[in-house]
Amino acid sequence: MPVTIDTLYELQQLYAAPGTRAAAVQRAAAVRSDDLASWLSAHVGNPAAEAYLLHLFDAASCASPGGPRCYHRFYRELTLRLHPSLHRSVIGAGEISQVAVVAGSAFSCWRHPGTGRLMPVVYKKMPPFLDRAAAQEYVGWYLAYNQTLRDRVGIHVPHFDARIVERAGCAIIYVIQERLPSDSVCHVILRQASPAAARRLFRLILQQYEKLYHYDRDRSASDHQVGLDGQSPNWAVLGYDGDPEAIADQPLAYLDTNVPMLRVDGRDVVSADMYFQSLPGAARWLLKRLKLDEEVMDRYFHLRLILLDFLGNLIVQHRPDLVPPLVEMSNDALAGPLAAAGLAPFTTAEVVKYYRSDVKIWRLWRSLKLLGAVSDGVSAGHWRDLFRIGQIYYIWTRPIFD
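Here goes a summary of the coordinates provided.

Rules used in this analysis
- Residues numbered from 1 in each chain as written.
- Predicted model: local features only at pLDDT ≥ 70, side-chain atom pairs only at ≥ 80, totals over all residues.
- Heavy atoms only, no water.
- Helix = DSSP H or I, 4+ residues; strand = E, 2+ residues; numbered from the N terminus.
- Buried < 20%, exposed > 50% of the residue type's maximum accessible area, 1.4 Å probe, protein only.
- Contact = heavy atoms within 4.5 Å.
- Areas by Shrake-Rupley, 256 points an atom, 1.4 Å probe, with all protein chains shown as cover.
- Axes fitted to C-alpha atoms, helices over the stretch in contact; angles between N-to-C directions.
- Parallel < 35°, antiparallel > 145°, perpendicular 65-115°, else oblique.
- Nonpolar A, V, L, I, M, F, W, Y, C, P; charged D, E, K, R; others polar.
- Left-handed = near helix turned anticlockwise from the far one by under 90°.
- Patch = residues over 30% accessible without salt bridge, like charges linked within 9 Å, V, L, I, M, F, W, Y side chains within 5 Å.
- Salt bridge = Lys/Arg side-chain N within 4 Å of Asp/Glu carboxyl O.
- Phe/Tyr/Trp six-rings, centres within 6.5 Å; stacked < 30°, edge-to-face > 60°.
- Core = buried A, V, L, I, M, F, W, Y, C linked by side-chain atoms within 4.5 Å.
- Pairing = 2+ DSSP bridges.
- Expected span 1.5 Å × (residues − 1).

### Description of the overall build of the chain
Looking only at helices and strands, the chain has 14 helices and 12 strands in total. Counting only residues that meet the buried cut, the chain has 45% of its 402 residues in that class. Nonlocal contacts in the chain, meaning residues at least 24 apart in sequence, comprise 64% of its contacts between residues at least 6 apart. Accessible area of the chain: about 20,200 Å², with a carbon and sulfur share of 55%.

### Brief notes about the packing of helix α6 (residues 132-153) against helix α8 (residues 195-218)
Orientation of α6 relative to α8, taken along the N-to-C sense of each, is 95°, at an axis distance of 11 Å. With respect to α8, the axis of α6 lies roughly perpendicular. Each of Thr148, Arg152 and Val153 in α6 lies in contact with α8, whose residues at this interface are Lys211, Leu212 and Tyr215. Taken together, the residues of the contact of α6 with α8 sort by class into three nonpolar, one polar and two charged.

### Let's talk about the packing of α8 against helix α11 (residues 303-316)
Two elements in contact, α8 and α11, have axes whose closest approach is 11 Å; the angle formed by their N-to-C orientations is 160°. It follows that α8 is roughly antiparallel to α11 by the angle criterion. Note that α8 runs across α11; the crossing there is right-handed. Taken together, the residues of α11 that come into contact with α8 (itself represented by Phe202, Ile205, Leu206, Tyr209, Leu212 and Tyr213) are Leu303, Ile306, Leu307, Phe310 and Leu311.

### Focus: unusual backbone geometry
Here the phi dihedral of His318 falls at roughly 65°; this positive angle occurs in a residue that is not glycine. Looking at the element boundaries, His318 is found in the loop between α11 and α12 (323-335). Under the relative-accessibility criterion, His318 is labelled partly exposed at 41%.

### Digging into a nonpolar patch on the surface
Together, Leu371, Trp383, Leu386 and Ile389 make up a nonpolar patch on the protein surface, roughly 390 Å² of accessible area in all. Looking at where Leu371 falls in the secondary structure, it is placed in helix α13 (residues 348-379). Here Leu371 falls in the partly exposed class, since its relative accessible area comes to 35%.

### Here we look at the packing of aromatic side chains
Considering all chains together, one arrives at five aromatic pairs under this definition. Pairing Phe129 with Tyr138 gives two aromatic rings, centres 5.3 Å apart and planes at 55°, and the pair type is tilted. With a relative accessible area of 13%, Phe129 lands in the buried category. By relative accessible area, which is 3% here, Tyr138 ends up buried. For the ring pair Tyr142 and Phe160, a centre distance of 6.3 Å and an interplane angle of 90° mean the geometry is edge-to-face. Of this pair, Tyr142 sits in helix α6 while Phe160 sits in strand β6 (residues 160-167), and the two are 18 residues apart along the sequence. As far as the burial class goes, Tyr142 and Phe160 line up, both buried. Three or more aromatic residues link up through ring pairs in this structure, and these residues are Tyr209, Trp235 and Tyr254.

### Here we look at the nonpolar core
In terms of nonpolar packing, the biggest core is built from 65 residues, with Ile173 and Tyr209 touching the most fellow members. If you look at the next biggest cluster of nonpolar residues, it comprises 26 residues, including Leu11, Ala24, Trp39 and Leu53.

### Observations regarding the sheet that holds strand β12 (residues 267-268)
What the three strands build is an open sheet, ordered β8-β11-β12; its pairing is antiparallel. Each end of this open sheet is capped by a strand with a single partner; those strands are β8 (224-226) and β12. Sheet topology places strand β11 (residues 262-264) next to β12; two bridges connect them, and they run antiparallel. When the sheet's bridge partners are listed, Arg263 is paired in β12 with Asp268.

### Remarks on helix α1 (residues 5-16)
Compared with the 16 Å implied by 1.5 Å per residue over 12 residues, the 17 Å span of α1 between its first and last C-alpha is a close match. Listed as buried for α1 are Ile5, Thr7, Leu8, Tyr9, Leu11, Gln12, Leu14 and Tyr15.

### Quick word on the side chain of Gln208
Take Gln208: it is sitting in helix α8. For Gln208, a relative accessible area of 6% gives the class buried.

### Let's talk about the environment of Val226
Checked against the element boundaries, Val226 lands in strand β8. Note: C-alpha distance between Val226 and Asp268 (42 residues apart in sequence) is 9.8 Å. Excluding anything up to four places from it in sequence, Val226 contacts Tyr145, Thr148, Leu149, Leu212, Tyr215, Asp216, Met261, Leu262 and Phe301.

### Brief notes about the pattern of salt bridges
In total, this model carries 10 salt bridges according to the counting rule given. The partner of Asp34 in a salt bridge is Arg32, and the shortest N-O contact between them spans 4.0 Å. The exposure class of Asp34 is exposed, given its relative accessible area of 54%. Residue Asp309 is joined to Arg299 by a salt bridge in which the shortest nitrogen-to-oxygen separation is 3.7 Å. Linking Asp309 in helix α11 with Arg299 in the loop between α10 (292-298) and α11, this pair joins segments that are 10 residues apart in sequence. An identical accessibility class is assigned to Asp309 and Arg299; each is buried. In the salt-bridge network here, residues are joined through shared partners; they are Arg299, Asp309 and Asp358.

Remember, this is a structural readout, not a statement about activity or role.
Right under this line is the structure:
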């Protein structure tokens, strides 16, 4: 039997179940000692540790009462030996969370709870909470949001989980999400897709918007709403083979699930303050005074604004040529499957105006976040942070995405 990480994990599962231990011993005996030694040499790189692990595995292969204990020790020791090779890599930063992956060993992957298969994941670090109780409440809403999208709305979401870590008088949430291939994310696909392929992809996204609209409409009497950020970077094509022209009816996955966009009795279950934690106090006060915090949240709950945000983001992603045909498709949907919503049609001029306004808000947001970071640094005695103020020039002059 070939030696792989999946093989070793499956044996661990068999040894853990009382009724399958005989099968575990039989399968372990089928593993050739030379093959295991070669695998350990390639992955562990410590002769003394490899000899100890081989000894444990040989003991586990015998039909003795101590077999399960020996294998559990083997599996634990192997995991610990591989752990030093892990490293953390930040792959992105959103308006709220920092997205990172842990690489260096397949044991850094998670196990899918349904299939048990190895599953690469990303970790999204959320802003700190004052105490564990507040963090647990947030995790509860996060899980409820994902479950609602998946089980009730009918929008596929990658496998999700969360962990709370307490440190330095605060609680930090790490949202854990199955990692999908980066080339399957829709904004990457749209950058290289032909107009025909882009229309096929947008038709799939419109179907997801229809699901959301019907769910919210059916629950309008109970004043329960689900929202989402429908821009192209938040959708991925499942089973994507790298050819945008081959897109037909593949299922989509919604990625931006770390903030639970739920409204109950007209109130957001998560305060909009989470979006503004990194801003200076005066900026937060001004945003609330002008009710811009409500405007930011509303765009995720109104179907027309979700659509307008998607269309405007096409220009951000350097595909302004797609705006007219996708505006036409949006208007067809508003006159067809979404006609009951009674929403006004779009114009290309409206999309361009929205794009310009949205970019200004984004630049202002980034500038305020930078000022907040500089202020915090100076308060801590890091006077060199004052030089970062010059980055505001680049925020307002460089393209958002190169």
